[in-house]
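Survey of secondary and tertiary structure
Next come the chains, spelled out residue by residue.
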Amino acid sequence: MMLKKFTSRRTSMITAALIGNPNVGKTTLFNSLTGAKQHIGNWAGVTVEKIEGYLNDNIKIVDLPGIYAMDTYSNEEKISKQFLKRDDVDVILNIVDASNLERNLYLTTQLKQFNKPIILILNMIDAAESKGIKINYDILSKKLGVIVVPIVASKGTGIKKVKELLENSSFDKLENNILEFTTEKETYSYIENILKGCLTRNTDSSKISISDKIDNIVLNKFLAFPLFFLSLFIIFMFTFNLVGQPLSDILDKLFNDSFIPYLNSIMANSSEWFRSLIVDGIVNGIGSILVFLPVILTLFLGISFLEDSGYMARAALIMDKLMRKMGLSGKAFIPMIVGFGCSVPGIMSARTLESEKDRKLTALLVPLMSCNAKIAVYALFTSIFFKKYKALIVFSLYLLGIVLAFIIGIFFKNTIFKKNEEPFIIELPEYKLPDIKTLMIHTWEKGKGFVKKAGTVIFAASVIIWFLQSFNFSGITDMNSSFLASIGKFINPIFIPLGFGRWQTSVSLLTGLMAKEVVVSSMGVIYGGNLSILLPQYFSTLSAYSFLVFVLLYTPCISVVATMRKEYGNKMAAFSVAYQFTLAWVISFLVYNIGKLF
Amino acid sequence: MCICDLKPGEKGYVKKIYGNEKLAKRLQALGCIEGTEISVKRTAPLGDPIIINLRGFDLALRKNDAKKIYIKED
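Below is a summary of the structure that appears in this document. (Residues numbered from 1 in each chain as written. Chains lettered and ligands numbered in written order. Predicted model: local features only at pLDDT ≥ 70, side-chain atom pairs only at ≥ 80, totals over all residues.)

**Details of the overall build of chain B**
Of the regular secondary structure elements, chain B holds two helices and five strands. Helices (α) and strands (β) of chain B occur, in sequence order from the N terminus, as β-α-β-β-β-α-β. Summarising its shape, the C-alpha atoms of chain B cover approximately 30 × 25 × 25 Å along the three principal directions. Considering chain B as a whole, with its 74 residues, one finds that 43% of them fall into the buried category. Contacts spanning at least 24 positions in sequence make up 54% of the contacts within chain B whose residues lie at least 6 apart. (Helix = DSSP H or I, 4+ residues; strand = E, 2+ residues; numbered from the N terminus. Buried ≥ 20, exposed ≤ 12 C-beta atoms within 10 Å, placed from the backbone. Contact = placed C-beta atoms within 7 Å.)

Here it is, written out as structure tokens:
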């Protein structure tokens, strides 16, 4: 055994890196150490969340992703490694599950190689004790050369001790023993040896654990799918019917019926263009973001509940065989289903997937699920052109989206994502009742990010579209002679082969980039009359269907593009815009031209 | 024989993991190494993936990947 001085360079700020396996209560610990003082971003170049928090003005804690090892080739591991190598990391907080030390300490042995002091935090000691596991902390501490602190993060037990250790820099007294292993086998026999000397297990192996009992029901051949769909149904009821959407609607109503008229009245004396910029451009743009918030928060609360309880891993298991066909793992099913409500939370919930490839592929496929906003367009057109077959036509559109998602998924899997085949190994954690505080913080973090980042982009884009539809070279004007109308007339020829090459239609599709339901209101403004009388003059039954197919598939609205850009960067956002436009054009073209043959 | 040949409830000891390095590395990091006791707990409702148990925790993996884990019976 070699003893060495630690390599950290102490500045006035202490930086602690928090690291551990997935499902060991890392988020709960991080939140009780840092409270509300957090900053969320992404690690450079990858879609892995970077969360920093502060214990006080002098102690920064960086929450690293949950991983099992440092050397099994994932992005999460790479960034953790790079970060731990940095000189300004003063101490490693390694949180482990006390009832599963063997596996958890594997990561610890690898952390030792960074030559930094380690505080080993044994979480859930209460659960370990009730399983008959007894640990001698002193021996464990001596043998591993780390400080050992037993805690129960969800109850707050032992947190004070962790804080004190950090505040007093007590970890400075440690001396490192560098561990060198050549194989996993060596590492595990080292760990087994250590545990022999400090851990006793008094378990009754004949007893069936509670998790096994729950799994007997949840993973039962006949009950698994009904229960899975029931849990999704409940979450969607909460999100889109009972809590989220109603709150959003109230917010929307307050906004449009009270706040905007009020703004208009106090700005009655300002010049028209200025009032329009503020009200129609800026305030409307921000409003369209804010009204999303309750839906997103409710949905994330539900998803966090599934995750924290341990059920999400089972859901992934149940759906894996089906989802694998389109190159995704089972977990990707949830974002796809969420996409039927709105692509924004759908894409955002894709961040819960393990691999970067899964996250990206899912985000590209989610917008093919027909979202709520498009219903407005379907409703208008089916009531005019397909009176007898409304439900059938709408159903066919939803089905088309799903079928295309499968085809495109298989296509992407074999082309752009070909090299990234990931083995599917997931741990099925024990079930537990989620901790309410963690749930709340988890939920709010996502919502906050949405308002901040997607918000700025949606805001900017709203102002640009407002400008284009309110101005031409001679100044302020109505939509029919605006820049947007000129652009509509310019791009119109590309829609002629699809059967709806009228500039009015092109312009309404352009405004649909704001939000898909806007297609309907724009048509109202541009055609300037009763649409049920006017539209049949411009559309045949076939071109109406071709148009609906185009609306289903074309470029997602700016909220979605902004979310895509926030989560995955400019390239992915641009690619998503381009591929969906191409797809929409090709499929509408096929529908229109094959339909003409009959 | 490989772990796929076990029925739910049966156990064996890991002999070797073949196949791609990523899979082998990850399984080994989780403690799935030569001599480790490993059992099959159940299969997913659609027959794939399967759930295995080692060192006191449950792991789900696809049959395709599970085929790479060779075992000997006790």
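**A word on the sheet that holds strand β3 (residues 50-54) of chain B**
Spatially, the six strands line up as an open sheet ordered β12(A)-β4(B)-β3(B)-β2(B)-β1(B)-β5(B), and their pairing is antiparallel. The sheet is open, and its two borders are formed by β12 (425-428) of chain A together with β5 (69-72) of chain B, each paired with just one other strand. Ignoring which end each strand starts from, the neighbouring axes of this sheet average 45° apart. Pairing geometry for strand β1 (residues 11-17) of chain B and strand β2 (residues 37-43) of chain B, over three bridges, is antiparallel. Residue pairing in the sheet places G12 of chain B in a bridge with I38 of chain B of β2 of chain B. Of the strands in this sheet, β12 of chain A together with β4 (57-61) of chain B are in contact with helix α13 (residues 311-324) of chain A, which crosses β12 of chain A at around 135°. (Pairing = 2+ DSSP bridges. Axes fitted to C-alpha atoms, helices over the stretch in contact; angles between N-to-C directions.)

**Looking at the pairing of strand β9 (residues 147-150) of chain A**
Residue and element names in this part refer to chain A. By the alternation rule, side chains of β9 split into I147 and V149 and V148 and P150, which are all buried. Where strand β7 (residues 118-123) and β9 come together, four bridges link them in parallel fashion. By the bridge assignment for β9, I121 is matched with V149.

**Some details on the interface of chain B and chain A**
Residue-level contacts link 27 residues of chain B with 26 residues of chain A. Where the side of chain B that touches chain A is concerned, the elements lending two or more residues are α1 (21-29) and β4 of chain B. Tallying contributions element by element places α1 of chain B first for the side of chain B that touches chain A, with seven residues. Counted by class, the side of chain B that touches chain A contains 14 nonpolar, three polar and ten charged residues. (Nonpolar A, V, L, I, M, F, W, Y, C, P; charged D, E, K, R; others polar.)

**Notes on unusual backbone geometry**
Both trends apply: most residues other than glycine have a negative phi, and most peptide bonds are in trans. Of note, the amide linkage connecting D48 of chain B to P49 of chain B takes the cis form, showing an omega dihedral of -5°. Along the chain, the position of P49 of chain B falls in the loop between β2 and β3. In this structure, N23 of chain A takes a positive phi of about 60° despite not being glycine. Within the secondary structure, N23 of chain A is located in the loop between β2 (14-20) and α1 (26-34). Residue N23 of chain A is classed as partly exposed on the basis of its C-beta count, with 19 C-beta atoms lying within 10 Å. The phi torsion at S169 of chain A lies on the positive side, around 50°, for a residue other than glycine. Mapped onto the elements of the fold, S169 of chain A is located in the loop between α6 (159-167) and β10 (176-178). Taking the number of C-beta atoms within 10 Å as the measure of exposure, S169 of chain A has 15 and is therefore partly exposed.

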